[in-house]
Amino acid sequence: MSAPALSLPLDAIRYDERGLVPAIVQDYLDGTVLMLAWMNRESLQKTLETGRTWFWSRSRQALWPKGETSGHVQRVKSIRYDCDSDAILLSVEQVGNVACHTGERSCFHRHGTNGEWIESPPADTLSQIYEVVCQRRQNPQPDSYTCRLFAEGDNKILKKLGEETAEVVMACKDDDPEAIAREVADLFYHTLVALAHHGVSLRQVYEQLQLRRR
């Protein structure tokens, strides 16, 4: 599959006094912020030409292509700049699903008082809920409804999927926007439980949706 055609008016970007502009990189599927780096005109030009991210290293004073040594390259899906033209946002496919040099998915994986806690960075709401569902599957809790669904197995999970689907249909038939939103939320949740039960990642679903988007 050919890379998307990338364009950006280089002269429209407002570089700072060092000739640099901050570049925020996010996952193209779930929107997770992966990293922040710096670009100059040349690295931005090479990014547009090659379809992968190139940055400017302030410490080495040199251009560097992301993933040059690790293989964790970033294939750029889209690129845009903000209303002040002084920041760039890149939507990328992160090869290997690792953007940070520490081996974490995102450079923004620390939080807490001293930044000592390490966990997956927040993404979209469905991804966050799916992660909680997977945690419940791996670490059952006696008072968890999700855990009870997993414990009762496929028949119970599929039965709930059928029930929630029917309730979405009825809410749509009643043309009740609040009820539709509520029932679709229930259907989404039970679908995430089914995905986790069968070992299908939400990312696989997003990839299928992207194929349909094309």
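Our subject in this report is the structure included herewith. For clarity, every value in this text was computed on a predicted model and none was experimentally measured.

## Focus: the overall build of the chain
The secondary structure content of the chain amounts to 6 helices and 8 strands. Reading the chain from its N end, one meets helices and strands in the order β-β-α-β-β-β-β-β-β-α-α-α-α-α. Relative to the 2.2 N^0.38 estimate, which gives 17 Å for 214 residues, the radius of gyration of the chain is 21 Å and therefore markedly larger than a compact globule would have. C-alpha extents for the chain along the principal axes are approximately 60 × 40 × 35 Å. With 214 residues in all, the chain has 37% of them scored as buried. Taking as baseline every contact in the chain between residues at least 6 positions apart, the subset at least 24 positions apart corresponds to 50%. Across the chain, the mean location of the 25 positive side-chain charges is 6 Å away from that of the 30 negative side-chain charges.

## Quick notes on helix 6 (residues 202–213)
For helix 6, with 12 residues, the first-to-last C-alpha span of 17 Å sits near the 16 Å given by 1.5 Å per residue. Residues of helix 6 that are buried: L202, Y206 and Q210. All buried residues of helix 6 lie within an arc of 85 degrees about the axis, which places them on one face of the element. Where helix 6 is buried, its residues meet helix 2 (125–138) and helix 5 (177–197).

## Description of the pairing of strand 2 (residues 33–39)
Among the 7 residues in strand 2, 5 count as buried, and that is most of the element. Here strand 1 (residues 21–27) folds back onto strand 2 in antiparallel fashion, the turn holding 5 residues, of which G31 has a positive phi close to 80 degrees.

## Here we look at the sheet that holds strand 6 (residues 88–94)
Spatial ordering of the open sheet is given by 2-1-6-5, a layout of 4 strands whose pairing is mixed. Edge strands, defined here as strands with exactly one partner in the open sheet, are strand 2 and strand 5 (74–81). Averaged over all adjacent pairs, the angle separating strand axes in this sheet is 25 degrees, with direction ignored. As paired strands, strand 5 and strand 6 are joined by 7 bridges and run antiparallel to one another.

## Digging into helix 2
Compared with an ideal rise of 1.5 Å per residue, which puts 14 residues at 20 Å, helix 2 spans 20 Å between its outermost C-alpha atoms and is within 8% of the ideal. The complete set of buried residues in helix 2 reads S127, Y130 and V133. Taken around the axis of helix 2, the buried residues stretch over an arc of 120 degrees, which confines them to a single face. Residues of helix 2 that are buried sit in contact with helix 3 (145–152), helix 5 and helix 6. The N-terminus of helix 2 is capped by D124, whose side-chain oxygen sits 3.3 Å from the backbone nitrogen of L126.

## Examining a negative patch on the surface
Side chains of D174, D175, D176 and E178 sit close together on the surface and give a patch of like negative charge. Inspection of the secondary structure puts D175 in the loop between helix 4 (154–173) and helix 5.

What counts and what doesn't
Residues numbered from 1 in each chain as written. Predicted model: local features only at pLDDT ≥ 70, side-chain atom pairs only at ≥ 80, totals over all residues. Heavy atoms only, no water. Helix = DSSP H or I, 4+ residues; strand = E, 2+ residues; numbered from the N terminus. Rg over C-alpha atoms; globule rule 2.2 N^0.38 Å. Buried < 20%, exposed > 50% of the residue type's maximum accessible area, 1.4 Å probe, protein only. Contact = heavy atoms within 4.5 Å. Lys, Arg positive; Asp, Glu negative; His and termini not counted. Charge placed at Lys NZ, Arg CZ, Asp CG, Glu CD. Expected span 1.5 Å × (residues − 1). Arc of directions from axis to C-beta. Pairing = 2+ DSSP bridges. Axes fitted to C-alpha atoms, helices over the stretch in contact; angles between N-to-C directions. Polar contact = N/O pair within 3.5 Å; in protein donor to acceptor, adjacent residues only side chain to side chain. Patch = residues over 30% accessible without salt bridge, like charges linked within 9 Å, V, L, I, M, F, W, Y side chains within 5 Å. Areas by Shrake-Rupley, 256 points an atom, 1.4 Å probe, with all protein chains shown as cover. Salt bridge = Lys/Arg side-chain N within 4 Å of Asp/Glu carboxyl O.

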